[in-house]
Amino acid sequence: MSEYSFLILFILAISFGGWKTKNLSPSGAVMAVVIGLIIGSAYGFKGLFVLGVFFLSASIWSRLFKNSKVGIEDRLAKTSIRDWQQVLANGGPAALFALLFIMTGEEVFTFAFAASIAGANSDTWASEIGPLSHKRPLSVRSLKRVPKGTSGAISFIGTLAAVAGAAIISLTALLMLGTMDLTLFILITLSGFAGNLLDTFLGAFVQLDYRCRVCGFHTESKVHCGRQTERTKGYWMNNELVNALSSLLAGVLLLFVFWK
């Protein structure tokens, strides 16, 4: 069996496992295969390992301390079982930069690939670890304390988690895909963290938000308490699009630094 055939079987097995363990929906598993094939074609198992660190850590954090996050998932339009839109939002920008690397052979797209995953991981760690803070987060829009899980809000522990999330991907990518370089490590980490900051501001100012007409609860879902919710903010930018844009920006920022 050729290495590429084994790579395909590996991607299929991982995606199937994600579905069986309820980390991925059927559509999410299919999208994971597509993204995995693109990244695997560009970087082989090393690239998949970098992506795997993101998805594995995201799954671990989503399951840990679940009792401390009760009520937060009610604010989300979707559950922790990732569908195709969620998988594309988090892995799509990385797949795009991997495809550009395949087409051009330019190493800078590898660094952008790493930065985009660092951005996705930064946001995920902030979202999963931030709610463990004893204090309610601060909205960057109103500068007031808001309930945990509110989009566009920050906390001290969440910010530290965001930096750590970007740094772990930066370190993994450089060890797997390139020569370890302190400057590159810092640039990829900062680009990933900047992507998380964009996610925060988009979440605060333009991301869709709804209010339940029955209980007054703010959520990203169009239905709550069995009734249609009332839109209070945003028009068309949902959480998946915000995540995709923030990850894409992280990679673009890295490219800008190299090409300026």
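You'll find the structure just up there.
Residues numbered from 1 in each chain as written. Predicted model: local features only at pLDDT ≥ 70, side-chain atom pairs only at ≥ 80, totals over all residues. Heavy atoms only, no water.

Following the criterion strictly, the structure yields 10 aromatic pairs and no others. With a centroid separation of 5.3 Å and 70° between ring planes, the pair formed by Phe10 and Phe45 is classed as edge-to-face. Of this pair, Phe10 sits in helix 1 (residues 3-20) while Phe45 sits in helix 2 (residues 26-63); the two residues are 35 residues apart in sequence, bridging distant segments of the chain. Accessibility expressed as a relative area gives 35% for Phe10, which makes it partly exposed. Considering the side-chain rings of Trp61 and Trp125, the 5.8 Å spacing of their centres and the 70° angle between planes classify their relative orientation as edge-to-face. You can see Trp61 sitting in helix 2 and its partner Trp125 sitting in helix 4 (residues 108-129), a full 64 residues away along the chain. (Phe/Tyr/Trp six-rings, centres within 6.5 Å; stacked < 30°, edge-to-face > 60°. Helix = DSSP H or I, 4+ residues; strand = E, 2+ residues; numbered from the N terminus. Buried < 20%, exposed > 50% of the residue type's maximum accessible area, 1.4 Å probe, protein only.)

Moving on: helix 1. If you check helix 1, its first and last C-alpha atoms are 25 Å apart, about what 18 residues at 1.5 Å a residue would give, namely 26 Å. Elements that come into contact with the buried residues of helix 1 comprise helix 2. Looking one or two residues past helix 1, Lys22 carries a phi angle of roughly 65°, positive in sign. (Expected span 1.5 Å × (residues − 1). Contact = heavy atoms within 4.5 Å.)

Bringing the environment of Ala161 into the picture now. Mapped onto the secondary structure, Ala161 falls in helix 5 (residues 156-177). Residue Ala161 is classed as buried on the basis of its relative accessible area, which comes to 5%. Here the alpha-carbon distance between Ala161 and Lys144, two residues 17 residues apart in the chain, equals 21 Å. Apart from residues lying up to four places away in sequence, Ala161 is in contact with Trp125, Ala126 and Ile129.

With that out of the way, let us pick up the nonpolar core. Counting 40 residues, the largest nonpolar core has Ile39, Phe54, Phe113, Ile117 and Ile188 as the members making the most contacts within it. Among the secondary structure elements, those contributing two or more residues to this core are helix 1, helix 2, helix 3 (84-104), helix 4, helix 5, helix 6 (182-205) and helix 7 (239-259). Among all residues touching Ile117, those that are not within four sequence positions of it are Val50, Leu51, Phe54, Ala94 and Ile169. (Core = buried A, V, L, I, M, F, W, Y, C linked by side-chain atoms within 4.5 Å.)

Time to look at the pattern of salt bridges. Across all of its chains, the model carries 1 salt bridge by this definition. A salt bridge links Arg211 to Glu230, with the nearest nitrogen and oxygen atoms 2.6 Å apart. One end of the pair, Arg211, is in strand 3 (residues 209-211); the other, Glu230, is in strand 7 (residues 230-233), and 19 residues separate them in sequence. Relative accessible area serves as the criterion here: at 30%, Arg211 is assigned to the partly exposed category. Using a relative accessible area of 29% as the deciding quantity, one classes Glu230 as partly exposed. (Salt bridge = Lys/Arg side-chain N within 4 Å of Asp/Glu carboxyl O.)

The description of two helices packed together rests on the angle between their axes and the distance between the axes. The contact between helix 3 and helix 4 brings their axes to 8 Å, and the two run at 175°. As summarised for this structure, helix 3 and helix 4 are arranged roughly antiparallel, according to the angle between their axes. On the side of helix 3, the interface is formed by Asn90, Pro93, Ala94, Phe97, Ala98, Leu100, Phe101 and Thr104, while helix 4 contributes Phe109, Thr110, Ala112, Phe113, Ser116, Ile117 and Ala120. Of the residues belonging to the contact of helix 3 with helix 4, the class tally is 11 nonpolar, 4 polar and no charged. (Axes fitted to C-alpha atoms, helices over the stretch in contact; angles between N-to-C directions. Parallel < 35°, antiparallel > 145°, perpendicular 65-115°, else oblique. Nonpolar A, V, L, I, M, F, W, Y, C, P; charged D, E, K, R; others polar.)

In contact at an axis separation of 9 Å, helix 2 and helix 5 are set at 170° when each is read in the N-to-C sense. The angle between helix 2 and helix 5 places the two elements in the roughly antiparallel class. Between helix 2, through Tyr43, Lys46, Gly47, Phe49, Val50, Val53 and Phe54, and helix 5, the contact on the second element is made entirely by Ile169, Thr172, Ala173, Met176 and Leu177. Partitioned by chemical class, the residues of the contact of helix 2 with helix 5 number 9 nonpolar, 2 polar and 1 charged.

The next thing to look at is the environment of Leu241. By secondary structure assignment, the location of Leu241 is in helix 7. Take Leu241: its relative accessible area is 29%, and that puts it in the partly exposed class. Remark: the alpha-carbon pair of Leu241 and Arg231, spanning 10 residues in sequence, is separated by 17 Å.

This part is about the side chain of Ser246. Counting through the fold element by element, Ser246 comes out in helix 7. Owing to a relative accessible area of 1%, Ser246 belongs among the buried residues under this scheme.

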